[in-house]
Structures are given as structure tokens and as C-alpha cells.
Amino acid sequence: MKLEFYKKKDFWAGMMFLGIGAVAIIASRSYPLGTTLRMGPGYFPTMLGGILILFGIYILVRGVLSNEKIPGNWSPRALIVLPLSMVLFGLAMYHLGFIPAIVVLIFASSASGRGFRFLHILLLTVFLSLLSVAAFIWGLGLPYPLINF
Amino acid sequence: MELFSNLIFGLSVALSLQNLLYCFMGCLLGTLIGVLPGIGPLATVAMLLPITFSLPPVAALIMLAGIYYGAQYGGSTTAILVNLPGETSAVVTCIDGYQMARQGRAGPALAIAAIGSFFAGTVCTVLIAAFAPPIAEMALKFNSPEYFSLMLMGLVTAAVLAQGDMVKSLAMCVLGLLLGTVGTDVDSGWQRFSFNILELTDGIGFVVIAIGVFAIGEIISNLGDKEERQVFTSKVGSLFPSKDDLKQSIAPIIRGTFLGAFFGVLPGTGPAIASFSSYIVEKKLAKDPSRFGKGAIEGVAGPESANNADAQCKFIPMLTLGIPASGTMALMLGALMIHGIAPGPTVMTQRPDLFWGLIASMWIGNLMLVILNLPLIGIWVSLLKVPYYLLFPAIMLFSSIGIYSVNNSPFEIYLTAIFGIVGFLWMKLECSPVPIMLGFVLGPMMEENLRRAMLIARGDPTVFLTRPISLAFVIATVLILVVMAAPAMRKRRGDITG
């Protein structure tokens with residue numbers, strides 16, 4: 001079983017809970033703990049961090065002992081490109097305006113899938129732009145400039 | 001009769017032109033998105049949530065409720081027509097519904113599903129109206145220790161009964177509670193876990209977590225699946241069920257409704273458990289059980305009524321106690337709070353228009369769904385053919401615009417992207433993200449009640465055991481934990497939910 005644990009699902013789940021619990025406790029140390037009678041802002045998070053660490057240890061040990069691997073396929077491309085497309089959308093909304101942001105988001109997020117059908121995506125962009133402008137800008141009255149160079 | 005005067009007052013609120021319109025829009029949008037493959041009710045509600053923030057609270061809640069059961073109904077439609085359950089509760093509907101569709105009886109299956117859901121919705125509206133006031137009245141006597149124990153019970157039951165690994169679900173609950181502490185502490189004004197980021201001092205927006213995990217994370221996960229989905233649609237045919245169909249369905253619809261209502265008030269028991277139990281009951285009671293799995297109409301009527309009853313009765317603990325019994329209810333609770341309404345038993349007395357208006361609108365919404373869905377089946381079917389590569393950019397777009405509109409700042413967008421990645425990792429590690437939402441929404445309330453309880457009891461933690469109502473909640477929590485952790489139960493639970 002040695003060195004095999006890096007493939008194991010619960011090993012990583014346990015590590016995650018353990019890590020977050022530890023961060024919570026360390027960060028809470030700078031907040032006043034108070035007493036049980038008068039709890040300070042650090043009391044509750046420290047308590048939760050402790051519970052999380054206990055859960056983490058249990059799940060981690062169970063994970064190392066079991067043989068369950070992380071299941072299924074995953075797409076590294078989607079994992080990187082999809083969040084990135086949202087970041088681009090945020091930047092474009094702030095600096096360029098509503099319509100450029102829509103175009104950027106749809107093209108960037110489409111690129112995270114398999115196969116990129118340019119014409120389809122272009123039509124989709126036109127359709128969704130019209131729909132969004134009608135629904136969000138005219139319908140709900142959101143205060144965004146359509147184009148803002 | 002107070003019950004009826006209350007319902008009539010509710011109807012007068014719900015029947016205002018504005019509220020009627022939002023109810024209609026909610027049902028329509030909910031069904032529209034619910035029908036689209038790969039988006040369940042939770043993701044639908046999360047995605048459309050920001051749109052409702054600019055509405056008045058009553059209209060917002062009415063619209064959200066419409067979206068919720070619209071999406072639920074949309075899921076059943078896809079289950080029957082193309083064997084694709086929009087969400088877990090529709091898995092059971094697939095078994096016989098799709099068989100009926102293959103025999104050219106999709107129309108009657110859809111009609112029975114709609115009639116069953118409508119019946120269940122009607123009964124549950126009355127049930128809510130009858131039981132919510134006494135529960136809320138009882139809850140008014142609760143003090144902080146009772147509230148804390150009640151929330152503890154709600155969280156533990158939800159985590160333990162939800163799908164997936166019990167220990168990991170509990171850990172996810174705690175993680176949710178922890179996420180809820182981010183931001184300014186109301187009591188002391190300390191900035192917790194904000195890491196000097198100005199935007200975090202208000203806490204993490206719950207829309208950010210909901211959309212990040214349930215919409216973005218889901219898409220990342222879907223894009224990793226190797227196979228492209230193939231959709232074969234069958235002809236719907238005549239919509240009208242025959243006399244025999246109706247006769248066979250009446251009893252299952254009634255039984256399903258009450259089963260669903262029972263499971264509905266239990267936290268954590270998703271509609272999947274309700275519809276599954278109903279299916280098993282119908283199969284056991286049938287004269288000829290072998291018809292099941294080959295297009296038995298009872299196998300559609302019972303479970304469909306059960307899951308609608310379940311979905312609707314989930315509102316009881318949410319409206320009366322402020323305890324979300326499911327992920328969607330956690331979102332509704334969050335929506336209430338965004339509108340400045342403190343959830344709990346006081347909602348009924350302080351905002352009777354909201355309380356009774358929402359209840360009455362549920363019935364109107366159910367009626368609308370029947371009127372809306374059956375004639376529009378053709379449109380829903382054509383929506384099913386939208387390929388995923390056109391669908392997910394649209395979901396991304398509407399989610400992103402929604403989040404941006406909450407604070408008009410890009411920060412929330414970046415945070416959502418991060419939660420998308422994290423949500424995907426959670427799914428990969430099989431840590432169910434629903435308990436996070438429950439913990440996150442309840443977190444601040446739990447902390448406040450814990451602090452107050454300790455003040456009342458002068459720092460003595462046994463206060464939770466010495467007050468009878470609180471003790472009852474603690475005992476119930478422990479019992480549920482023990483029973484569900486027992487090896488025999490764990491195996492059976494795996495059979496039902498896994």
C-alpha cells in the first residue's frame with residue numbers, strides 16, 4: 001500500500017478537512033477567544049476548526065486503509081479554461097462593457113469543451129447577446145453600459 | 001374557520017397581478033431550465049436567484065418557489081420522454097415512465113405526472129396551512145438553547161440522511177458553518193478570515209457559493225465525461241389518459257402524496273427517498289407486480305405525487321422554524337435573509353402577507369404548471385435537443401451576469417470561479433456539497449444562539465440537556481446518528497440512495 005495513497009479519494013478528502021481545520025485554528029488565534037460564558041469572535045471558529053481536524057483525521061486514516069480511488073474522468077482543460085473565462089468576463093464587464101463581456105465569456109467558455117464549432121458559437125453569441133440585453137438591461141434595468149471603450 | 005380565512009388572505013396576496021405574473025414567470029423559467037439536460041432544480045434556483053433580489057420580498061419568494069417546482073416538474077418531463085432524470089428524484093419516474101413513452105403512451109404518462117403533482121400540491125398547500133401555525137406558535141416559546149439544539153438536529157439529520165458518505169457529509173456541514181463565519185462578527189465587530197480583502201468583510205455571498213458549486217462545478221464535471229449525450233425523443237401522442245389509466249392512478253396518487261408529505265418534513269430526506277418509497281409501496285400493493293418496469297402507470301403516478309409532496313412540504317420547517325431541510329430550502333432561506341427578513345417562527349406573525357401569499361401561490365403555481373406544461377410539451381421536447389456545447393456557455397453567461405449584478409463588482413465573479421473549482425474537487429472526492437449550503441446558511445444563527453445560550457446558562461454547557469425541549473432535540477439527534485451509523489442501516493441506505 002505504500003505510496004499508493006496519492007490516488008486514494010478519502011486520503012485527499014481527509015487532507016482537505018484537516019488542512020482547512022488547521023488554517024481555521026491558526027487564523028482564529030489572532031481573534032479574542034473569550035470564555036465559555038462570553039464567547040469572543042475566536043471561540044466558534046476555533047471549535048469548528050477542531051471538529052474539522054478530527055473529521056479530517058478519521059477520513060484520512062479510513063482513506064489510507066481503503067482502496068477506493070478517485071473515480072471517473074476529468075478534463076484539465078475545462079478545470080482551467082472555465083474559471084478563467086469567468087475571470088475574463090469580470091475584467092471585461094468592468095473595463096469594456098456588457099456586450100464585449102458576453103462575447104468574451106461565451107467564446108472563452110466554449111473553448112473549454114471538446115471541438116469548437118466557430119459558426120455555431122458565433123450564432124449563439126448573437127442570440128444570447130440580444131436575449132441578455134433585452135432581459136437584463138431593458139427588462140430588469142441593470143445599469144451597465146453596453147459598450148464602454 | 002381560521003384556516004380558510006388565512007388561505008383566502010393568502011390568495012388575495014398571490015392573486016395580485018404582479019405576484020401572479022412573477023409566479024407565472026417562475027414556473028415558466030423553472031420548467032424551461034429544468035427540462036434542459038444536466039441542470040437540476042438546485043442549480044436552476046441558484047442561477048436565477050440574483051434576478052429576484054431586485055423584486056419585493058413577496059414577489060421574490062413567489063417567483064423562487066415557482067422556479068423550484070417548475071424545475072422539479074421539468075425534470076420529470078425529461079425522465080419520461082428521454083429517460084434522462086433531470087435530478088435524482090426523477091430516477092424512479094424513468095423506470096416506468098420511459099417504458100410508457102416507448103409504447104407510445106408518453107402523453108398519458110406526462111398527464112398523470114401532472115395530475116398527480118397537482119393533487120399532491122393541493123393537499124400539501126392545505127397541510128402547510130394547517131400545520132405551520134401551530135408549529136410556529138410552539139417555536140415562539142423556544143429560547144436560544146432550544147434553537148441551537150434544533151439547528152444541530154436539522155444539520156445532523158440533513159447530513160446523515162443525504163446522499164453519499166455520512167462522515168464526509170457531516171464534515172462538509174462543519175465546513176459550511178466555518179464558511180459562514182467569514183466576515184465581520186456581529187457581536188464584536190472583528191473581521192474574521194477576511195485576510196485584509198475589503199470585499200470579504202461582508203462575508204461570502206451565498207449566491208457565490210451556490211452558483212460556484214452547483215452550476216460551475218457541475219459544468220466542469222460534465223465536460224470531463226467522455227461520452228456525448230445522445231437524445232432520442234419519442235412521439236408524445238395523445239395527452240389524455242384513458243378511463244382505466246385514471247382509475248389505476250387514483251390510489252397511488254393519494255398514497256404517494258401522503259408518503260411524500262411525511263418524508264418532506266424530515267430534513268435531509270431528498271425527494272428521491274420519497275419517490276422511491278412510493279414506487280416500492282405501489283409494487284408491493286399491485287395485483288400483478290410484474291407489470292412494473294414495463295410501463296405501469298402506477299409507477300409514474302405514485303412517485304411523481306410523492307416527490308412533489310415532498311418538495312412542497314419541505315417549506316414547513318423552512319417557514320416555521322427557519323431550518324432548511326434541503327439545499328434548495330437553504331437557498332430560499334438565504335433569499336429571505338437578503339430581503340432583510342429574519343427566518344423563524346416570527347415570519348408568520350410579522351409578515352403574514354409573505355407567509356400566506358407564498359403558501360397560496362404554491363397552489364396557484366401547481367395549477368399553472370398543469371396548464372402551462374401539457375400544452376407546451378412540444379416546446380419542451382424541442383429544447384431537449386439543444387446540444388450541451390451550446391447549453392453550458394449559456395448557463396455560464398446567465399450565472400455570471402447574475403453574480404455580477406449582486407454587487408456590481410467583479411470580485412464576486414472571481415470568487416465564484418474559485419468555488420467552481422473547489423466544487424468540482426468536492427464532487428471528485430465524493431464530498432456532497434449540499435450540506436455546505438445548509439451549514440453556511442445556519443452558521444451565523446447557530447453561533448449567535450450558542451453565545452446567547454451560554455450567557456443565559458452562565459457558561460454551563462449542560463443547559464442543552466436540562467431544558468426539556470432542547471433535551472428532546474439532542475436525544476433525537478443522537479438517535480438518528482446511532483441508527484444511521486449502524487452497519488445494517490448503512491447497507492440499506494446505500495441501496496436506496498447510492
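What counts, and at which threshold
- Residues numbered from 1 in each chain as written.
- Chains lettered and ligands numbered in written order.
- Predicted model: local features only at pLDDT ≥ 70, side-chain atom pairs only at ≥ 80, totals over all residues.
- Helix = DSSP H or I, 4+ residues; strand = E, 2+ residues; numbered from the N terminus.
- Rg over C-alpha atoms; globule rule 2.2 N^0.38 Å.
- Buried ≥ 20, exposed ≤ 12 C-beta atoms within 10 Å, placed from the backbone.
- Contact = placed C-beta atoms within 7 Å.
- Core = buried A, V, L, I, M, F, W, Y, C linked by C-beta atoms within 7 Å.
- Domains from an automatic or database assignment.
- Nonpolar A, V, L, I, M, F, W, Y, C, P; charged D, E, K, R; others polar.
- Expected span 1.5 Å × (residues − 1).
- Bend = angle between axes of the 7 residues up to and from the residue.
- Axes fitted to C-alpha atoms, helices over the stretch in contact; angles between N-to-C directions.
- Parallel < 35°, antiparallel > 145°, perpendicular 65-115°, else oblique.
- Left-handed = near helix turned anticlockwise from the far one by under 90°.

Colleague: Describe the overall build of chain B, listing the residues and the values that go with them.
Modeller: When helices and strands are counted, chain B shows 22 helices and 2 strands. Relative to the globule expectation of 23 Å for 498 residues, the C-alpha radius of gyration of chain B, 22 Å, shows essentially globular dimensions. For chain B, the spread of C-alpha atoms along the three principal axes comes to 70 × 55 × 50 Å. Residue burial in chain B is summarised as follows: out of 498 residues, 59% are buried.

Colleague: Outline the overall build of chain A, supporting the account with residue identities and numerical values.
Modeller: Scanning chain A from N- to C-terminus turns up 5 helices and 0 strands. Seen in sequence order, chain A has helices and strands lined up from the N terminus as α-α-α-α-α. Against the globule reference of 15 Å for 149 residues, chain A gives a C-alpha radius of gyration of 24 Å, more extended than a compact globule. Principal-axis analysis of the C-alpha atoms places the extent of chain A at approximately 55 × 50 × 25 Å. The long-range share in chain A, meaning contacts at least 24 apart out of those at least 6 apart in sequence, stands at 64%.

Colleague: So, the nonpolar core: which residues are in play, and what are the values?
Modeller: With 208 residues, the main nonpolar core has Leu52(A), Ala46(B), Val174(B) and Ala210(B) as its most contacted residues. It is helix 6 (residues 106–140) of chain B that contributes the most residues to this core, 18 residues altogether. Counting only domains with at least three residues in this core, you end up with domain 1 (4–65) and domain 2 (76–139) of chain A.

Colleague: Could you give an account of the interface of chain A and chain B, naming the residues involved and the relevant values?
Modeller: Contact residues are listed per partner, giving 53 residues for chain A and 55 residues for chain B. Those elements giving two or more residues to the side of chain A that touches chain B turn out to be helix 1 (9–28), helix 2 (43–65), helix 3 (76–95), helix 4 (98–110) and helix 5 (118–139) of chain A. Counting residues per element, the side of chain A that touches chain B draws most heavily on helix 3 of chain A, which supplies 12 residues. When the residues that make up the side of chain A that touches chain B are grouped by side-chain class, the tally is 38 nonpolar, 14 polar and 1 charged.

Colleague: Explain helix 9 (residues 206–224) of chain B to me, and be specific about the residues and the numbers.
Modeller: All names here are of chain B. Along its 19 residues, helix 9 runs 26 Å from first to last C-alpha, staying within 8% of the 27 Å computed at 1.5 Å per residue. Gly212 marks the point of greatest bend in helix 9, at about 35°. For helix 9, the tally of buried residues reaches 17 of 19 residues, placing the bulk of the element in the interior.

Colleague: Talk me through the packing of helix 3 (residues 41–52) of chain B against helix 9 of chain B; I want residue IDs and the actual numbers.
Modeller: Residues and elements named next belong to chain B. Their axes nearest at 9 Å, the elements helix 3 and helix 9 cross at an angle of 130°. Classified by the angle their axes make, helix 3 and helix 9 are oblique. Here helix 3 runs over helix 9; the crossing is left-handed. Taken together, the residues of helix 9 that come into contact with helix 3 (itself represented by Leu42, Ala43, Ala46, Met47, Leu49 and Pro50) are Val207, Ala210, Ile211, Phe214, Ala215 and Glu218. Partitioned by chemical class, the residues of the contact of helix 3 with helix 9 number 11 nonpolar, no polar and 1 charged.

Colleague: I'd love a proper account of the packing of helix 7 (residues 144–161) of chain B against helix 21 (residues 468–485) of chain B, names of residues and values included.
Modeller: Residues and elements named next belong to chain B. The contact between helix 7 and helix 21 brings their axes to 8 Å, and the two run at 15°. Overall, the two elements helix 7 and helix 21 adopt an arrangement that is roughly parallel. Taken as a pair, helix 7 and helix 21 cross one another with a handedness that is left-handed. Every residue of helix 21 that contacts helix 7 at Pro145, Glu146, Ser149, Leu150, Leu152, Met153, Val156, Thr157 and Val160 is listed here: Ile469, Ser470, Phe473, Val474, Ala476, Thr477, Ile480, Leu481 and Met484. Across the contact of helix 7 with helix 21, the residue classes tally to 13 nonpolar, 4 polar and 1 charged.

Colleague: Account for helix 10 (residues 243–265) of chain B, with residues named and values stated.
Modeller: Residue pairs spaced three or four apart in an α-helix point in one direction, given the helix's 3.6 residues per turn. Residue and element names in this part refer to chain B. Across its 23 residues, helix 10 extends 34 Å between first and last C-alpha, which sits within 8% of the 33 Å expected from 1.5 Å per residue. At Ser249, helix 10 is bent by approximately 35°, the largest bend along its length, and proline Pro252 sits one to four residues beyond. Burial in helix 10 covers these residues: Asp245, Ser249, Pro252, Ile253, Arg255, Gly256, Thr257, Leu259, Gly260, Ala261, Phe263 and Gly264.

Colleague: With reference to specific residues and values, describe the domain arrangement of chain A.
Modeller: Per the domain assignment, the segments of chain A are domain 1 (4–65) and domain 2 (76–139). The distance between the C-alpha centroids of domain 1 of chain A and domain 2 of chain A comes to 38 Å.

Colleague: So what about unusual backbone geometry? Which residues, and what values?
Modeller: Residue and element names in this part refer to chain B. Phi at Phe195 takes a positive value of approximately 45°, unusual for a residue other than glycine. Examined against the element boundaries, Phe195 turns out to sit in the loop between strand 2 (191–192) and helix 9. The phi torsion at Arg458 lies on the positive side, around 55°, for a residue other than glycine. The exposed category is assigned to Arg458, around which 9 C-beta atoms lie within 10 Å.

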